[in-house]
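Residues per chain are reported as follows:
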Protein chains: 2
Amino acid sequence: MKPPLTSVWTRESRPAKSPTLSRSQIVRAAVELLDAEGMDALSMRRLGSRLGSGATSIYWHVANKDELLELILDEIFGEVPLPAPEVIGWRDAASVLAYGLRTTLFAHPWSTTLVGTRPAIGPNAMRLSGRLLNTFTVAGFTGLSLDHASSALMAYVLGTTGPEIAWRSIMAGSEMNDEEMLAAMKVVLDQTAGDHPELVARYAEYADVDAEAVRALNFDFGLTCLLDGLEAHLRRRHAPGPVAAEDPEDARSGDTETTAEPSAGR
Amino acid sequence: MKPPLTSVWTRESRPAKSPTLSRSQIVRAAVELLDAEGMDALSMRRLGSRLGSGATSIYWHVANKDELLELILDEIFGEVPLPAPEVIGWRDAASVLAYGLRTTLFAHPWSTTLVGTRPAIGPNAMRLSGRLLNTFTVAGFTGLSLDHASSALMAYVLGTTGPEIAWRSIMAGSEMNDEEMLAAMKVVLDQTAGDHPELVARYAEYADVDAEAVRALNFDFGLTCLLDGLEAHLRRRHAPGPVAAEDPEDARSGDTETTAEPSAGR
DNA sequence: GATTTCACTCGCACACTGTACGACAAACCT
DNA sequence: AGGTTTGTCGTACAGTGTGCGAGTGAAATC
């Protein structure tokens, strides 16, 4: 019978007398430090000295470093711009959301280590997923499919962004450009996957294209496919017949929104 | 003009005289330790003592902890079963791959912290992505789309698995079941996203369904949508006409398999 | 006005981390 | 035999997160 919920978000922000330090100050400073010097540079001592405070003073406002990281994660979730699906349509809204999240994560490359690691509750994450839900509601999703659609989109963006940032950072670490990198990769390939000649052929194709452009294309391709698949699901549900045709009335639960679909037993 | 490639995979495994310790031993022991006690428990000293060796002896076989983690990541990539797309068809093969990767990652929950963080080169990762490429080649993808399709699938799986593991682990940490968790979540919701009533309504729906089952459904839903989208892309490419109809001959490259399409440029 | 009670800051200390270094031992090559 | 390579390990160093308790100043109480 421990504390009923262990997250930061239940415990209040210690609002009181005259705090020379505050949660939001700490979080902002932490984000600055991370942006400037990366994840390894974020230690409580360094953060403290950047705030002009003792290192352990932070622990009055934040229970431990993990909670601080949770706050930081939510902070950057607050940076992604939220589109209005009612005015630009669900597909564009979903795209804007996806691209917005992507560029926000790229703007804070250290976020990769946080984003998959801990669940994203917290006000800004909720705002984001609320808007996502809103978007797919406008699209016509109902019941569980609504969540499934949003989390599919989220998963795709998170899943692409992480490895991309990883690539970018190791290429920034070594002082070689894309071509040299690919050449080196080929060496690795030849000696580790010598029996996979199709891979070697594959990588050879990238020799003379801009890696960054390819990655952008890559993201867009997958996003389009996912949205196409979602749209297809939508059409299928609205038109149960084998051939696509508009149907006179919605197949199940005439009301436009919320809690349709009884969703298989318990 | 530093070392041309900084990865583990270029440097050989120190094969020599009579090693009482070896890379693969170290990696296996590390995986055991991680499985048993989690990521925080993996320190060089503990790993050393588990191997019956001094802590710093490991540094003869592995340059630093980061390299060790890279090896560990590749080790678990080796655990995912590889289907044969030529016999079971590309869609099933893609599903098997996706599910295999998913369950492998679930079997090693600590992998979440590794998988998005560093690029997955290394023999086992290459084997996996080789098979992925193979799968989508059988499907009919060519050129850049081939890579885009594989990485889209990979991204989706990685993107779903991470947060799911995170949820599972914090629920394991606190001794509350799904329902209590949801109740607590609702508290958080009410106080952080009080102005998002649709979210609250959303979560209320989950009150009486098995969270694990929903997550499984969730994964399958997104996977299906993605594969549907990929298939649609395929059909669109093969039948350029506005309305879908079977075409008398395959648009490009009649041979059934392998490295079709000269793929622009070069 | 004096005293107590907070809200908050911070120095110190502890256990622990990754890993550089150099001393060793044993196997190999001349 | 001597020298070199291959491999192991103890020690040491700088740095980590954080518990503890002493300190501060302002508000609340008497």
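By convention here, each chain's residues receive numbers from 1 onward along its written sequence. Here the convention is simple: chains get letters from A, ligands get numbers from 1, in the order in which they are written. Given that this is a predicted model, residues contribute local features only at a pLDDT of at least 70 and side-chain atom pairs are listed and counted only at 80 or more, while totals for whole chains, interfaces and linings are drawn from all residues.

Enquirer: Can you lay out the overall build of chain A for me, pointing to particular residues and giving the numbers?
Expert: Secondary structure elements follow DSSP: runs of H or I no shorter than four residues count as helices, runs of E no shorter than two count as strands, and numbering proceeds from the N terminus. Check the secondary structure of chain A and you find 12 helices and zero strands. Along chain A, from the amino end to the carboxyl end, the secondary structure elements read α-α-α-α-α-α-α-α-α-α-α-α. Counting other C-beta atoms within 10 Å of a residue's own tells you its class, since 20 or more makes it buried, 12 or fewer makes it exposed, and anything in between is partly exposed; those C-beta atoms are placed from the backbone. Out of the 266 residues in chain A, the part that is buried amounts to 37%. Note on contacts: each residue gets a C-beta atom placed from the backbone, and two residues are in contact if those atoms are within 7 Å. Taking all contacts inside chain A whose residues are at least 6 apart in sequence as the whole, residues at least 24 apart take part in 64%.

Enquirer: Got a sec to walk through the nonpolar core? Specific residues and values, please.
Expert: Within the largest apolar cluster, 109 residues are counted, with the highest numbers of intra-cluster contacts made by Leu153 and Leu226 of chain A together with Leu153 and Leu226 of chain B. Beyond its immediate sequence surroundings of up to four residues, Leu153 of chain A is in contact with Ala94, Ala98, Leu132 and Leu226 of chain A. By our criterion, buried Ala, Val, Leu, Ile, Met, Phe, Trp, Tyr and Cys residues that link up through C-beta atoms within 7 Å make up a nonpolar core.

Enquirer: Help me get a handle on the domain arrangement of chain A, residues and values and all.
Expert: Residue and element names in this part refer to chain A. Bear in mind that the domain bounds are from an automatic or database domain assignment. On domain assignment, one finds that chain A holds domain 1 (8-77) and domain 2 (85-173 + 210-253). Of all the secondary-structure elements, those providing two or more residues to the side of domain 1 that touches domain 2 are α1 (23-37) and α4 (65-77). Take the side of domain 1 that touches domain 2: its biggest share by element is seven residues, from α4. Asp, Glu, Lys and Arg are counted as charged, while Ala, Val, Leu, Ile, Met, Phe, Trp, Tyr, Cys and Pro are counted as nonpolar; the rest, among them Gly, fall into the polar class. Its residues assigned to classes, the side of domain 1 that touches domain 2 comprises eight nonpolar, one polar and three charged.

Enquirer: Help me get a handle on the packing of helix α6 (residues 90-107) of chain A against helix α12 (residues 211-238) of chain A, residues and values and all.
Expert: All names here are of chain A. Here α6 crosses α12 at 145°, and the two axes come no closer than 11 Å. Considering how the two elements wind past one another, α6 and α12 form a crossing that is right-handed. Contact residues: α6 offers Arg91, Ala94, Ser95, Ala98 and Arg102, while α12 offers Phe219, Leu223 and Leu227. The residue makeup of the contact of α6 with α12, split by class, is five nonpolar, one polar and two charged. Angles run from 0 to 180 degrees between N-to-C directions of axes, and those axes are lines fitted to C-alpha atoms, restricted for helices to the stretch in contact. Less than a right angle of anticlockwise turn of the near helix away from the far helix marks a crossing as left-handed, whereas a clockwise turn marks it as right-handed.

Enquirer: So what's going on with the confidence of the model for chain A? Residues and values would help.
Expert: All names here are of chain A. Residue-level confidence of the predictor, termed pLDDT, takes values from 0 up to 100. For chain A, per-residue confidence averages 82 on the pLDDT scale, and residues scoring 70 or more make up 71% of the total. Within chain A, α6 carries the highest mean pLDDT (98), whereas helix α10 (residues 178-192) carries the lowest (65). Predicted confidence for residues 243-266 stays below pLDDT 50, and this span has 29 contacts to residues more than four positions away or in other chains.

Enquirer: Summarise the environment of Val87 of chain B; cite the residues concerned and give the values.
Expert: Residue and element names in this part refer to chain B. Within the element layout of this structure, Val87 appears in helix α5 (residues 85-88). What makes Val87 exposed here is the crowd of 9 C-beta atoms within 10 Å. Separated by 139 residues in the primary sequence, Val87 and Leu226 have C-alpha atoms spaced 22 Å apart.

Enquirer: Kindly report on α6 of chain A, identifying the contributing residues and their values.
Expert: Residues and elements named next belong to chain A. Compared with the 26 Å implied by 1.5 Å per residue over 18 residues, the 25 Å span of α6 between its first and last C-alpha is a close match. Where α6 is concerned, the buried positions are Trp90, Ala93, Ala94, Leu97, Ala98, Leu101 and Leu105. Seen from one end, α6 has its buried residues packed into an arc of 135°, which puts them on one side. A helix is expected to reach a length of 1.5 Å times the quantity of its residues less one. The arc in question is the one spanned by the directions pointing from the helix axis to the C-beta atoms.

Enquirer: Report on the environment of Ile58 of chain B, specifying residues and quantitative values.
Expert: Residue and element names in this part refer to chain B. Inspection of the secondary structure puts Ile58 in helix α3 (residues 58-61). Along the primary structure Ile58 and Ser22 are separated by 36 residues, whereas in three dimensions their C-alpha atoms are 8.8 Å apart. Not counting chain neighbours up to four residues away, the residues in contact with Ile58 comprise Ile26, Met44, Leu47 and Gly48.

Enquirer: Hey, could you go over the environment of Leu73 of chain B for me, with residue numbers and the actual values?
Expert: Residues and elements named next belong to chain B. With respect to the helices, strands and loops of the structure, Leu73 is situated in helix α4 (residues 65-77). Assessed through the 22 C-beta atoms surrounding it within 10 Å, Leu73 is described here as buried. C-alpha separation for the pair Leu73 and Arg118, spaced 45 residues apart in sequence, amounts to 9.1 Å. Filtering out sequence-adjacent residues up to four positions away, Leu73 remains in contact with Leu114, Val115, Arg118 and Ala120.

Enquirer: Got a sec to walk through helix α1 (residues 23-37) of chain B? Specific residues and values, please.
Expert: With 15 residues, α1 of chain B extends 21 Å from end C-alpha to end C-alpha; this agrees with the ideal 21 Å at 1.5 Å per step. Just downstream of α1 of chain B, Gly38 of chain B is the residue with a positive phi angle, here 85°.

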